[in-house]
Amino acid sequence: MNDENPLVTSGLAEGVLTITLNAPDTGNALDLAMTDALAGALEDAKNRPDAHCVLLRSSGRHFCTGGNVKDMARGADLMAGTTTDIQDRLRLGLHRITRAMRDLEVPSVAALNGAAVGAGFDLALMCDVRVAARSARFAESFLRLGLVSGIGGAWFLTRIVGVAKAMELSLTSEFISAETASELRIVSRVVDDDQLDREAAELARTIAAQPPRALRMAKRLVRESAEATLPAALELAAAMQAILLSGDEHRTTVKQFLENR
């Protein structure tokens, strides 16, 4: 695509940095060009002090259909070259997306429409909060193509649904509906299709409106507590709370709270 029709677009409003996958003709497939564009946008987001939430969405019918199957058939693009070539390309390409999502200090919200399958499903799992259109469908679909997740899906999915359900979804390549994804706590909200963008943007704005320093600490605390022992989680919570209680942001926020009562 040319500069007038980029593969990924970004825009900031009300503290929300909206990143849009913009290759609807391919189902926003993660080929080399899309991977590079998305990784770059996410890496740039980390350095935006005016961005307090990232909203990841797509244009077209699908959120992201994963790898480009036509490229796979030709052994082209991401799949070109030797085993070592492909491994290096994964590390330097798709893994840039994974690392950039993990390194985001601000919360991320995914607006999921159509298909989010394969690496597209894994991309959705990397976000902190997921909102799905009622007609959306999901699949850890790699075995349908004789593959496994190469972008970290097994790590993220296991932590969301547990080992047994992650095994079932991975080993069957089963498609699941938005309602089932909600029951499994993969998505936190299911909304009517025509309300997806509005609901996801409103949620992102609500998050972005929180006190910025505390917001970043809250995200880090939840994420690290999920993998820490209780003593370690308590120590981290005490350290963060002490920093915030002694800071100007907290005092200003309390003053505003009392004035608005």
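Note that this is a predicted model, so its numbers are computed, not measured.

Definitions and limits used
Residues numbered from 1 in each chain as written. Predicted model: local features only at pLDDT ≥ 70, side-chain atom pairs only at ≥ 80, totals over all residues. Heavy atoms only, no water. Phe/Tyr/Trp six-rings, centres within 6.5 Å; stacked < 30°, edge-to-face > 60°. Helix = DSSP H or I, 4+ residues; strand = E, 2+ residues; numbered from the N terminus. Buried < 20%, exposed > 50% of the residue type's maximum accessible area, 1.4 Å probe, protein only. Contact = heavy atoms within 4.5 Å. Axes fitted to C-alpha atoms, helices over the stretch in contact; angles between N-to-C directions. Parallel < 35°, antiparallel > 145°, perpendicular 65-115°, else oblique. Nonpolar A, V, L, I, M, F, W, Y, C, P; charged D, E, K, R; others polar. Patch = residues over 30% accessible without salt bridge, like charges linked within 9 Å, V, L, I, M, F, W, Y side chains within 5 Å. Areas by Shrake-Rupley, 256 points an atom, 1.4 Å probe, with all protein chains shown as cover. Salt bridge = Lys/Arg side-chain N within 4 Å of Asp/Glu carboxyl O. Core = buried A, V, L, I, M, F, W, Y, C linked by side-chain atoms within 4.5 Å. Pairing = 2+ DSSP bridges.

Novice: Before we move on, can you summarise the packing of aromatic side chains with the specific residues and values?
Specialist: Inspection of the entire model under this criterion finds 2 aromatic pairs. Summarising the aromatic geometry, the rings of F121 and F138 are spaced 5.9 Å apart at their centres and angled 40° between planes, so their arrangement reads as tilted. Of the two residues, F121 sits in helix α4 (residues 119-126) while F138 sits in strand β7 (residues 137-139), which places them 17 residues apart along the sequence. Considering the side-chain rings of W155 and F156, the 5.0 Å spacing of their centres and the 75° angle between planes classify their relative orientation as edge-to-face. Assessed through its relative accessible area of 10%, F156 is described here as buried.

Novice: Please set out the side chain of K219 residue by residue, giving values where relevant.
Specialist: Among the structural elements, K219 can be located in helix α9 (residues 212-225). Dropping the residues within four chain positions of it, K219 is found in contact with L104, E105, V106, P107 and D128.

Novice: Account for the packing of α9 against helix α10 (residues 230-245), naming residues and giving values.
Specialist: In the contact formed by α9 and α10, the axes pass within 10 Å of each other and the chain directions differ by 175°. By the angle between their directions, the pair α9 and α10 is classed as roughly antiparallel. Every residue of α10 that contacts α9 at R213, A214, M217, R220, L221, E224 and S225 is listed here: A233, L236, A237, M240, I243 and L244. Taken together, the residues of the contact of α9 with α10 sort by class into 9 nonpolar, 1 polar and 3 charged.

Novice: Could you give an account of a nonpolar patch on the surface, with specific residues and numbers?
Specialist: Taken together, the side chains of L143, V163, M167 and L171 define a hydrophobic patch exposed on the protein surface, amounting to about 400 Å² of accessible area. Looking at the secondary structure, you find L171 in helix α6 (residues 163-172).

Novice: Break down the nonpolar core for me, citing the residues and quoting the values.
Specialist: Residues I19, L38, I97, F138 and I186 are the most contacted members of the largest nonpolar core, which totals 50 residues. Excluding residues within four positions of it along the chain, I97 makes contact with L30, T35, L38, A39, L42, L123 and M126. Within the second largest apolar cluster, 16 residues are counted, among which are C53, L55, A200 and L215.

Novice: Summarise the sheet that holds strand β5 (residues 115-117); cite the residues concerned and give the values.
Specialist: The strand order across the open sheet built from 3 strands is β5-β7-β8, with neighbouring strands paired in mixed fashion. The sheet is open, and its two edges are formed by β5 and β8 (176-177), each paired on a single side. Relative to β8, β7 runs antiparallel, the two sharing 2 bridges. By the bridge assignment, F138 is partnered in β8 with I176. Seen against the sheet, α4 touches β5 and β7 and runs at an angle of roughly 90° to β5.

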